[in-house]
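Here is how the chains run, residue by residue.
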Amino acid sequence: MAASAQTPDAPHIPVLLRPLLEKVAPVGGVWLDGTFGAGGYSKGLLAAGADKVIGVDRDPLALQMAEAWKDDFAGKLEIRQGNFANLDEIAGEPLDGVVLDLGVSSMQLDLAERGFSFMKDGPLDMRMSQDGPSAADLVNAMSEGDLADVIFLYGEERASRRIARAITRERALAPITSTLHLAKIVEGCLPRSKPGQSHPATRTFQALRIAVNDEYGALAEGLMAAERALRPGGMLAVVTFHSVEDRMVKRFLQLRSGGTGRANRYAPEAPEDKPRFDVVTRKAVGPDEDELDQNPRARSARLRVARRTEEPAEPIDRKALGMPVFQGKLQ
């Protein structure tokens, strides 16, 4: 998730940009912004001293919008379409820094036709790359059990089985194709939210979006790709927006900094390894009050930063990151 643009033309506020730039200073060399969005981090990195930024996004709309202003940076900004899971291949050169701002961008969230939000009616889509199966495909084709598992694993929704049962009853009458239709079904399964609480459909929509875009798989692969791409001394900065993402990043950095992180308390300790990263932020950095006043969507954001060492990159087992693994069929 990125900033708080209310429309594609509204100002973009990159989350935790100031503390990020402070933690990775001094900024120089070649950086890759793996979740380009509206370009807020890329602009910030260039203003802070980066010689070049490679902006990567899987969403064609983000790249189209950047065409109007990217030339203002005199060739220092290169835009490439792709998934940050393959950022080392996309970059094609050693990097001095990698920034990842995870989740759905405000640009996507605020466009009803993209189907990410339950606040406005739109097609039940949620595809960041605008290709492949949509959320509507999943909702209308998955078995009740698999749908419940997705909602529970990826959304941490305790009422997942009740919601999946209601969805299967409703889709037997007519296909579920709009965001408000799905939101209404979920609302009927849960108590009405109190003031200050999130909308009842929040976790279900999050789960479907993560499944449609394989966000956890992309994160695991992207962290390993960053390890391969960063030169010694290069910086990795990751902004997360919910507990599972943050846990995966934390465990990756624990394991890669020579720690003995575990996927759960009962798992055996991993053998100590030579550090491939030095952790800069021992605790995740959150927004201060000034940022929250400007951008309430930053409330759940957490920043973690680490510096690459000279040790060669190696693969890592996804299970060691505590990544939720769905065993069923998405269609």
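Described below are features of the structure shown in this document. Note that the structure is a prediction, hence the values are computed from the model and not measured.

## Re the side chain of T179
The topology assignment puts T179 in helix α9 (residues 179–187). Since its relative accessible area comes to 0%, T179 is described here as buried. In terms of polar contacts, T179 uses its side chain to reach the backbone carbonyl oxygen of K120, at 2.9 Å.

## Points about the nonpolar core
With 73 residues, the main nonpolar core has L87, L95, L124, I167, L182, L236 and F252 as its most contacted residues. Setting aside anything within four residues of it in sequence, one finds L124 in contact with S134, A135, A136, V139, I176, T177, S178, T179, L182 and F205. By size, the runner-up hydrophobic cluster in this structure holds 30 residues, among which are V15, L16, Y41 and I79.

## Quick look at the pattern of salt bridges
Overall, the coordinates contain 17 salt bridges when judged by the stated rule. Residue K52 is joined to E93 by a salt bridge in which the shortest nitrogen-to-oxygen separation is 2.8 Å. Of this pair, K52 sits in strand β2 (residues 52–57) while E93 sits in the loop between α4 (87–91) and β4 (95–101), and the two are 41 residues apart along the sequence. With its nearest N and O atoms 4.0 Å apart, the salt bridge here joins R276 to E227. Linking R276 in the loop between α12 (243–256) and β6 (277–279) with E227 in helix α11 (residues 215–229), this pair joins segments that are 49 residues apart in sequence. Here R276 matches E227 in class, with each residue buried.

## Considering the packing of aromatic side chains
Counted under the stated rule, the structure contains five aromatic pairs. Plain terms: the ring middles of F118 and F205 are 5.2 Å apart, the flat faces sit at 85° to each other, and that makes the pair edge-to-face. Of the two residues, F118 sits in the loop between α5 (106–110) and α6 (135–141) while F205 sits in helix α10 (residues 202–213), which places them 87 residues apart along the sequence. On the basis of relative accessible area, F205 is assigned to the buried category, the value being 3%. Where Y154 meets Y216, the ring centres are 5.4 Å apart and the plane angle is 80°; that geometry is what we call edge-to-face. Here Y216 lies in helix α11 and Y154 lies in helix α7 (residues 144–155), a separation of 62 residues in the sequence. The residues Y154 and Y216 share a single accessibility class, namely buried. An aromatic cluster of at least three residues, connected via ring pairs, comprises F36, W69 and F73. Directly above the ring of W69 sits K43, whose terminal nitrogen or CZ lies 4.1 Å from the centroid.

The rules behind the values
- Every chain is numbered on its own, with residues counted from 1 as its sequence reads.
- Since the coordinates come from a predicted model, pLDDT governs what is reported: local features require at least 70, and pairs of side-chain atoms require 80 or more to be given and counted, while whole-chain, interface and lining totals use all residues.
- Side-chain numbers here rest on the full set of heavy atoms in the structure, without hydrogens or water.
- Helix and strand definitions follow DSSP, with helices as H or I runs of at least four residues and strands as E runs of at least two, each counted in order from the N terminus.
- For every residue, the accessible area obtained with a 1.4 Å probe (protein chains only) is divided by the maximum for its type, and the residue is called buried under 20%, exposed over 50%, and partly exposed between those limits.
- Contacts described as polar in this section are N or O atom pairs within 3.5 Å, which, within protein, must combine one atom able to donate a hydrogen with one able to accept it, while residues neighboring in sequence count only if both atoms come from side chains.
- To form a nonpolar core, buried Ala, Val, Leu, Ile, Met, Phe, Trp, Tyr and Cys residues must be joined to one another through side-chain atoms within 4.5 Å.
- By definition in these notes, contact holds between two residues if any of their heavy atoms fall within 4.5 Å.
- Each reported salt bridge corresponds to a side-chain nitrogen of Lys or Arg within 4 Å of a carboxyl oxygen of Asp or Glu.
- When two rings of Phe, Tyr or Trp (its six-membered ring) have centres within 6.5 Å they constitute a pair, described as stacked for plane angles under 30 degrees, edge-to-face for angles over 60, and tilted for the intermediate range.
- A ring is considered to have a charge above it if a Lys NZ or an Arg CZ atom is located within 6 Å of its centre and within 35 degrees of its normal.

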